[in-house]
Protein chains: 2
Amino acid sequence: MLEEIGKHAKQAARYLNVLGSTQKNQGLYGAADALMEASDSIIAANERDLDNARKKGMHSGLLDRLMLNPSRVEAMAEGLKAVAALEDPVGEVLSMKPRPNGLLIGQKRVPIGVIGMIYEARPNVTADAFGLCFKAGNAVILKGGSDALWSNKAIVKAIQTGLSSAGLPSKAVQLIEDTSRETAKELMRMNQYVDVLIPRGGAGLIRSVVENSTVPVIETGTGNCHIFVDESADFSMALDIIFNAKTQRIGVCNACESLVVHRKIAGEFLPLLKKKLDEKQVEVRADEEACAIVPEFSSASEEDWGREYLDYILSLKLVDSVEEAIYHINRYNTRHSEAIITSTYANAQKFLNEIDAAVVYVNASTRFTDGFEFGFGAEIGISTQKLHARGPMGLKELTATKYIVYGDGQVRP
Amino acid sequence: MLEEIGKHAKQAARYLNVLGSTQKNQGLYGAADALMEASDSIIAANERDLDNARKKGMHSGLLDRLMLNPSRVEAMAEGLKAVAALEDPVGEVLSMKPRPNGLLIGQKRVPIGVIGMIYEARPNVTADAFGLCFKAGNAVILKGGSDALWSNKAIVKAIQTGLSSAGLPSKAVQLIEDTSRETAKELMRMNQYVDVLIPRGGAGLIRSVVENSTVPVIETGTGNCHIFVDESADFSMALDIIFNAKTQRIGVCNACESLVVHRKIAGEFLPLLKKKLDEKQVEVRADEEACAIVPEFSSASEEDWGREYLDYILSLKLVDSVEEAIYHINRYNTRHSEAIITSTYANAQKFLNEIDAAVVYVNASTRFTDGFEFGFGAEIGISTQKLHARGPMGLKELTATKYIVYGDGQVRP
């Protein structure tokens, strides 16, 4: 069955490969309209998922993420229209130049082909992922979580109807309805049909895909994001940024999980920090010396330096220098987003140069690591690996390149 | 032991990450000088490999690839100096732009980190791979074939001596001396230390790396390259290009392995082709209809369409249209290099748009798919995958990016 899905995806991808933006946008509008028309049946299907989830005792936070209502379905449809409005990256030719022998060589942006997405609970990812992959000219094979199966089936069915009504291949989006791990593993080895896999979800899911996949993977990752408060930091700026990065939204990968503070300012800064973080009852797990300054801090263990809490908790370590801060961060971070708060030029530049992460900030919140905030107009995920794409991924990151060469009879001497 | 190599590589990579071009070039010059000084001992070590190879009955072509002499050692040293002369891609900041909130966001080119190379016979790859990886700021872990073990040990020792004498970390290049498959597999799962693996060698080696590696792989590939001779082709140009692409060098991945010829010109063109290819005794394995035109052609089986002969052999198929040619090529090619010979504008554009390959040519030989011919000044391999790099890979393809963000206190609303 998976083989059939792979074949259909490959066929659809060949078709999409040569579509212009106008046609692709018609497909996105068709899909958006079809989602609106199918709103009732999507919500009914979602009710079935919610029932199952309640029976299994899913907690309220996850239930809310799973839940669809008319306005959420409308948001999905509006999302597809927003993607239609984005500039199409496909077809642009980069740095075309003549060689001395007259060959004209350029690099053309092309669709990747077939993209496999493996993701967990939220059903809106289904429409989002389709929209971005489709606009970049790719067919997509979706493998959502079992909790959202009925919702995903209804959403994909609506999108396929919309594509067909726009005269486009409905197999540009397909859902794998078998949510077993074995099927997921089979998908991870379909090198013949799938060009790239993008897992989105918790650390366990991503590790499983990295370990089992022979298809190339774009790792979207967990974020153990640090903020280093340098000796010369503006305290008020530091407090605002830390408060924002930790508490503006706690369950996200670009939230701050760990503070590194210059020892020289600890005595003055930590009590102010305590006061600010108390506004949201943030627990601070600090090293011994910091705990001596603010006895209300709890005591950090070695394990805390590597934790992504996704909660109102922060670890805190004192250091003697920007060098020690960089060493600590590079040792424990997950290569996601790291920030320095400083007014010292050399330390800002040093931090930008030497921190190994997808995004490195001077005097700003780590929460900006996001495709919308970066101006891409969309986001398929945040890559924490180094190849192909690093950081927020928009439409451009869903394309590949090929060299095109114009000759007039050249042969190699 | 591999764990130690990984740790040392990671340490060296951190050091290289912040080196300027001047220092890196001093390292390359130091390594080049050290190779020249160690020339005698490298040749003596190579003699030991050659002895073993002769005892094992290695055939003369492979023996020649394995053999080092003073001029080949000098060529390795000159190769390193040539890499020193290339522009350093590291540190360039791409498309830095302000966001409406004042954040200034740019994408900076940075080293990848630690690169693992798994390759076969030729010992000159050892020096070449080091040079390119090092210039792009990466540490490299080399795993060469057992046939060249003593040569590789002597070459790496010399390079390490040269690096040390230039005051640079010798562990920027390390050789895995255990050439067993188990050790290779262990390297393929060292995600903690190795950022990317680049296999170079035959189809079997590359398949093994793709199937066993959890570390991201850049697949360098086999080439079943096609030339399509369109109805409107200039015959003389077509014959020159085919002759060049097939016979200028037969054992390489960008050599032409298969011809696709428009049926309308077959009667006139195939006899001319036969005559031209006879100059080098090229065997043509053709479909039934072509064999009817030139009875000296041998008969192609289905299997021939997918073969990379690396020999004086070509497969040949007749088609009715550019569409059929594109369909056939996309079905059987290895996504490497494909060419059309045509004088029809629309067919040239269609072929460029619709062929799925790393490099697509109009009216030129496939043999140009090469880092030097593309003007990169160097080449680490030719990628036939779609992510990160596609086609010839030079220094730029040995780098990654990270976003750097300059703020003045921004928090996310």
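Look up a bit, the structure's there.
Report follows, based on the coordinates. (Residues numbered from 1 in each chain as written. Chains lettered and ligands numbered in written order. Predicted model: local features only at pLDDT ≥ 70, side-chain atom pairs only at ≥ 80, totals over all residues. Heavy atoms only, no water.)

**Observations concerning the side chain of Thr220(A)**
Residues and elements named next belong to chain A.
Then, number 1: With respect to the helices and strands, Thr220 occurs in the loop between helix H9 (203–212) and strand S7 (225–229).
Then, number 2: The exposure class assigned to Thr220 is buried, which follows from its relative accessible area of 7%.
Then, number 3: A polar contact of 2.6 Å, which involves the side chain of Thr220, links it to the backbone oxygen of Pro199.
Then, number 4: Excluding anything up to four places from it in sequence, Thr220 contacts Ile198, Pro199, Arg200, Ile206, Gly381, Ile382, Ser383, Thr384 and Met393. (Helix = DSSP H or I, 4+ residues; strand = E, 2+ residues; numbered from the N terminus. Buried < 20%, exposed > 50% of the residue type's maximum accessible area, 1.4 Å probe, protein only. Polar contact = N/O pair within 3.5 Å; in protein donor to acceptor, adjacent residues only side chain to side chain. Contact = heavy atoms within 4.5 Å.)

**A look at a negative patch on the surface**
All names here are of chain A.
Then, number 1: Taken together, Glu3, Glu4, Asp178, Glu182 and Glu186 make up a surface patch of like negative charges.
Then, number 2: Within the residue set of the negative patch, elements represented by two or more residues are helix H1 (2–17) and helix H8 (181–187).
Then, number 3: Mapped onto the fold, Glu4 is located in helix H1. (Patch = residues over 30% accessible without salt bridge, like charges linked within 9 Å, V, L, I, M, F, W, Y side chains within 5 Å. Areas by Shrake-Rupley, 256 points an atom, 1.4 Å probe, with all protein chains shown as cover. Salt bridge = Lys/Arg side-chain N within 4 Å of Asp/Glu carboxyl O. Lys, Arg positive; Asp, Glu negative; His and termini not counted. Charge placed at Lys NZ, Arg CZ, Asp CG, Glu CD.)

**Notes on the relation of the copies chain B and chain A**
Then, number 1: The transformation that overlays chain B on chain A combines an axial shift of 0.0 Å with a rotation of 180 degrees, and the residual RMSD is 0.1 Å. Given the turn and translation reported, the copies of this chain are related as if by a two-fold rotation axis. It is His388(B) whose C-alpha, among those of chain B, lies nearest the rotation axis, at 1.8 Å.
Then, number 2: In this assembly the copies share their binding face: 100% of the residues contributing to the interface of chain B also contribute to that of chain A. (Least-squares fit on C-alpha atoms with pLDDT ≥ 70 in both.)

**Notes on the packing of helix H13 (residues 322–332) of chain B against helix H14 (residues 345–354) of chain B**
All names here are of chain B.
Then, number 1: The geometry of H13 relative to H14 is characterised by a closest axis approach of 10 Å and an angle of 25 degrees between their N-to-C directions. Classified by the interaxial angle, the pair formed by H13 and H14 is roughly parallel. Considering the relative orientation of H13 and H14, their crossing is right-handed. From H13, Val322, Glu323, Ile326, Ile329 and Asn330 reach across to H14, where they touch Asn347, Lys350, Phe351 and Glu354.
Then, number 2: The class makeup of the residues in the contact of H13 with H14 is 4 nonpolar, 2 polar and 3 charged. (Axes fitted to C-alpha atoms, helices over the stretch in contact; angles between N-to-C directions. Parallel < 35°, antiparallel > 145°, perpendicular 65-115°, else oblique. Left-handed = near helix turned anticlockwise from the far one by under 90°. Nonpolar A, V, L, I, M, F, W, Y, C, P; charged D, E, K, R; others polar.)

**Describing the pairing of strand S13 (residues 359–364) of chain B**
One face of the sheet, then the other: side chains in a regular strand alternate in exactly this way.
Then, number 1: Burial runs high along S13(B): 6 of the 6 residues are buried.
Then, number 2: Both strand S16 (residues 399–410) of chain A and S13(B) contribute to a ladder of 5 bridges, which runs parallel. For Tyr403(A), the partnering residue across the bridge sits in S13(B) and is Val359(B).
Then, number 3: Here 4 bridges tie strand S12 (residues 337–341) of chain B to S13(B), and the two strands are oriented parallel to one another. Looking at the pairing, Ile340(B) lines up with Val362(B) of S13(B).
Then, number 4: This β-α-β element, S12(B) to H14(B) to S13(B), shows right-handed connectivity. (Pairing = 2+ DSSP bridges. Right-handed = clockwise from strand over helix to strand, strands pointing away.)

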